[in-house]
Amino acid sequence: MDKSKGAEILSVKGKCTLSGEDMEKVETILEHAEQYCKAHGARLTSKRKQVLSGLLQSEKALSAYELVDFCKTKFGVSIPAMSVYRILDFLQGEYLVHKLNLANKYVACAHITCAHSHAVPQFLICGQCKKVEEISISKSTIDVLEKSVEHAGFHLVSPQLEMNCVCEACMVNAV
Ligand SMILES: [Zn+2]
Ligand SMILES: [Zn+2]
Ligand SMILES: [Zn+2]
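Values in this document were obtained by computation on a predicted structure and should not be read as measured data.

Thresholds, definitions, all that
- Residues numbered from 1 in each chain as written.
- Chains lettered and ligands numbered in written order.
- Predicted model: local features only at pLDDT ≥ 70, side-chain atom pairs only at ≥ 80, totals over all residues.
- Pairing = 2+ DSSP bridges.
- Helix = DSSP H or I, 4+ residues; strand = E, 2+ residues; numbered from the N terminus.
- Core = buried A, V, L, I, M, F, W, Y, C linked by C-beta atoms within 7 Å.
- Buried ≥ 20, exposed ≤ 12 C-beta atoms within 10 Å, placed from the backbone.
- Domains from an automatic or database assignment.
- Contact = placed C-beta atoms within 7 Å.
- pLDDT = per-residue confidence, 0-100.
- Axes fitted to C-alpha atoms, helices over the stretch in contact; angles between N-to-C directions.
- Parallel < 35°, antiparallel > 145°, perpendicular 65-115°, else oblique.
- Nonpolar A, V, L, I, M, F, W, Y, C, P; charged D, E, K, R; others polar.

A. Molecular detail of the pairing of strand β1 (residues 97–100). Relative to strand β2 (residues 105–108), β1 is paired through four bridges, and the arrangement is antiparallel. Paired with V97 across the bridge in β2 is A108. Connecting the antiparallel pair β1 and β2 is a turn made up of four residues, with N104 showing a positive phi of about 55 degrees.

B. Layout of the nonpolar core. Among the nonpolar cores identified, the biggest contains 30 residues, and V51, L52, L55, L96, V97 and A108 are the most heavily contacted of them. Only α1 (23–39), α2 (46–57), α3 (64–75), α4 (81–93), β2 and β3 (122–126) provide two or more residues apiece to this core. Among the domains, domain 1 (16–116) and domain 2 (119–175) are the pair contributing at least three residues each to this core. Setting aside chain neighbours within four positions, we find L55 in contact with L62, V97, Y106, V107 and A108.

C. The arrangement of the confidence of the model for the protein in detail. With 88% of its residues at a pLDDT of 70 or more, the protein has an overall mean of 87. Ignoring residues within four places in sequence, the model shows residues 1–14, a span with pLDDT below 50, making 19 contacts including any to other chains.

D. Structural detail: the packing of α3 against α4. Interhelical geometry of α3 versus α4 gives an angle of 105 degrees and a closest axis separation of 9 Å. Our classification of the angle between α3 and α4 gives roughly perpendicular. Contacts between α3 and α4 involve A64, Y65, L67 and V68 from the first element and A81, V84, Y85 and L88 from the second. For the contact of α3 with α4, a count of residues per class yields eight nonpolar, no polar and no charged.

E. View of the sheet that holds strand β5 (residues 162–165). An order of β4-β3-β5 is seen for the three strands of this open sheet, with the pairing classed as mixed. Each edge of the sheet is formed by a strand with only one pairing partner; in this case those strands are β4 (132–135) and β5. Averaged over all pairs of adjacent strands, the angle between their axes in this sheet comes to 25 degrees, without regard to strand direction. When β3 meets β5, the two strands line up parallel, connected through four bridges. By the bridge assignment, F123 is partnered in β5 with E162.

In structure tokens:
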């Protein structure tokens, strides 16, 4: 898997990810993640795996503290928040996890089992149920955005977009 930063996703249509609810799918994704780390000499230790599986099982973004709680209830292990932060840093570096900067929470990458390269991730966040969807936006759109930013006299530091949305399920419920 080539997940080199900045590489452009060419044809990613629809959902790449397996849904996070099914435990079997979570296992499959964890296995991919483990192989992916192994392939370049990194190790997905059991604690790193536990943190990642917490994010895979949640459709929402979780904070480090919510992950501490998850590991305690689910696996009976207490991992100090500082370690969870370090684990999240590692997972982010491996492109297995992304950080939502505005919410200061984390989500599992939607493309762990994919073979394509990873572009700058963009996120749709449901303001009501907090469900998060990782999408990719074409490079040309990002370029246009960047131009308007430069035009306004600013420099775009991170092109990661976190968009405030309402998901389909919540929209149906609102009717
Ligand atoms: Zn991703
Ligand atoms: Zn994908
Ligand atoms: Zn929703």
